[in-house]
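Structure at a glance
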Amino acid sequence: METSQDQALLLEALSDKVLHQLPQAVWRNLFLGDERDSIRFEQRNLTLVHADADLPAGEAGSATENFYQELQRLNTRHGGRLDPYVDATALVTFEDPGAAVRMAMELQSAARGIALRIGVVSGPCTLAFFRAQGRLWCTPLGAQPARAAEVAASAKAGGIVISPEAYDPAERRARLRADTQGAVDFRDSEVDLSTLAGSMQLRSVDILLA
């Protein structure tokens, strides 16, 4: 059961995370104004895809734009929720581990000319929902986003590392079914929180053993 202290810590974490993503007026209204009552937190079992891109020197503008376009296209295709990204880093939230792995593989294949490292993790995650500018948004908090970044950092350039929870060793493939208990309903929320604010072949897919 969530205590008032837990709630305060989650509010602080959310405030810190979106402080530089939201316009100041929107941030103030969300945390100090009328929209504060719209904030709620839910614990869900989700799969996160974290992608780090090393952009070619002198081509950051076009490479970033191409990376963002592919990210948006594949995010829409596979039904993920794109979190704000900075410096060509992406975090996408999924209900279905199989959809997450498929997006990761397609994104890696589409990352031509970019050394992309991708990590896929599954586990308990805190989702923060809030209303801003008349729309509903959600973003993941807690340990899982940081763990996804650590897993991505362990991947080879052009590769993907998948955590064991998102992989079924008995079937030697990614789990293709989502946990049906407490499924997340994203239908009323915006897909890309960043709108509030702007030839590399797949080389390897590794499975973490622990």
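Here the structure is shown first, and the text comes after it.
What comes next is a walk through the structure. What you see is a predicted model, and the numbers here were worked out from it, not measured in a lab. (Residues numbered from 1 in each chain as written. Predicted model: local features only at pLDDT ≥ 70, side-chain atom pairs only at ≥ 80, totals over all residues. Heavy atoms only, no water.)

**Description of the overall build of the protein chain**
Of regular secondary structure, the protein chain possesses five helices and nine strands. Written out in order from the N terminus, the α and β elements of the protein chain read α-α-β-α-β-β-α-β-β-α-β-β-β-β. By residue count, 48% of the 210 residues in the protein chain fall in the buried class. Taken as a whole, the protein chain presents about 10700 Å² of accessible surface, with 50% of it coming from carbon and sulfur. (Helix = DSSP H or I, 4+ residues; strand = E, 2+ residues; numbered from the N terminus. Buried < 20%, exposed > 50% of the residue type's maximum accessible area, 1.4 Å probe, protein only. Areas by Shrake-Rupley, 256 points an atom, 1.4 Å probe, with all protein chains shown as cover.)

**Notes on the pairing of strand E4 (residues 115-132)**
Along E4, 15 of the 18 residues are buried, which leaves the element largely enclosed by surrounding structure. Where strand E1 (residues 40-54) lies against E4, 15 bridges are found, and the strand directions are antiparallel. Considered in E4, the bridge of alanine 53 is made with leucine 116. Note: E4 against strand E6 (residues 159-162), three bridges, orientation parallel. From the neighbouring strand, valine 120 faces E6, where its bridge partner is isoleucine 162. Bridge analysis of E4 against strand E5 (residues 135-141) gives seven bridges, and the strand direction is antiparallel. The partner of arginine 131 across the bridge, within E5, is leucine 136. The antiparallel pairing of E4 with E5 creates a hairpin that spans two residues between the two strands, and glutamine 133 there sits at a positive phi of about 55°. (Pairing = 2+ DSSP bridges.)

**A closer look at the packing of aromatic side chains**
A full pass over the atoms with the stated rule returns one aromatic pair. With a centroid separation of 5.3 Å and 40° between ring planes, the pair formed by tryptophan 27 and phenylalanine 31 is classed as tilted. Taken together, the positions of tryptophan 27 and phenylalanine 31, both in helix H2 (residues 24-32) and four residues apart, correspond to about one turn of that helix. The same class applies to tryptophan 27 and to phenylalanine 31, which are both buried. (Phe/Tyr/Trp six-rings, centres within 6.5 Å; stacked < 30°, edge-to-face > 60°.)

**Quick word on the nonpolar core**
Counting 23 residues, the largest nonpolar core has Val49, Phe67, Leu71, Leu107, Leu116, Ile118 and Val120 as the members making the most contacts within it. Breaking this core down by element, the ones donating at least two residues are E1, helix H3 (60-78), strand E3 (89-94), helix H4 (97-110), E4 and E6. With sequence-adjacent residues up to four places away left out, leucine 71 is seen in contact with Leu82, Ala90, Val92, Met103 and Leu107. Membership of the second largest hydrophobic core comes to 16 residues, among which are Ile39, Ala128, Ala132 and Leu141. (Core = buried A, V, L, I, M, F, W, Y, C linked by side-chain atoms within 4.5 Å. Contact = heavy atoms within 4.5 Å.)

**Observations concerning unusual backbone geometry**
Of note, the phi angle at glutamine 133 is positive, near 55°, even though the residue is not glycine. Summarising the element assignment, glutamine 133 is placed in the loop between E4 and E5.

Coordinates in, geometry out; function isn't part of it.
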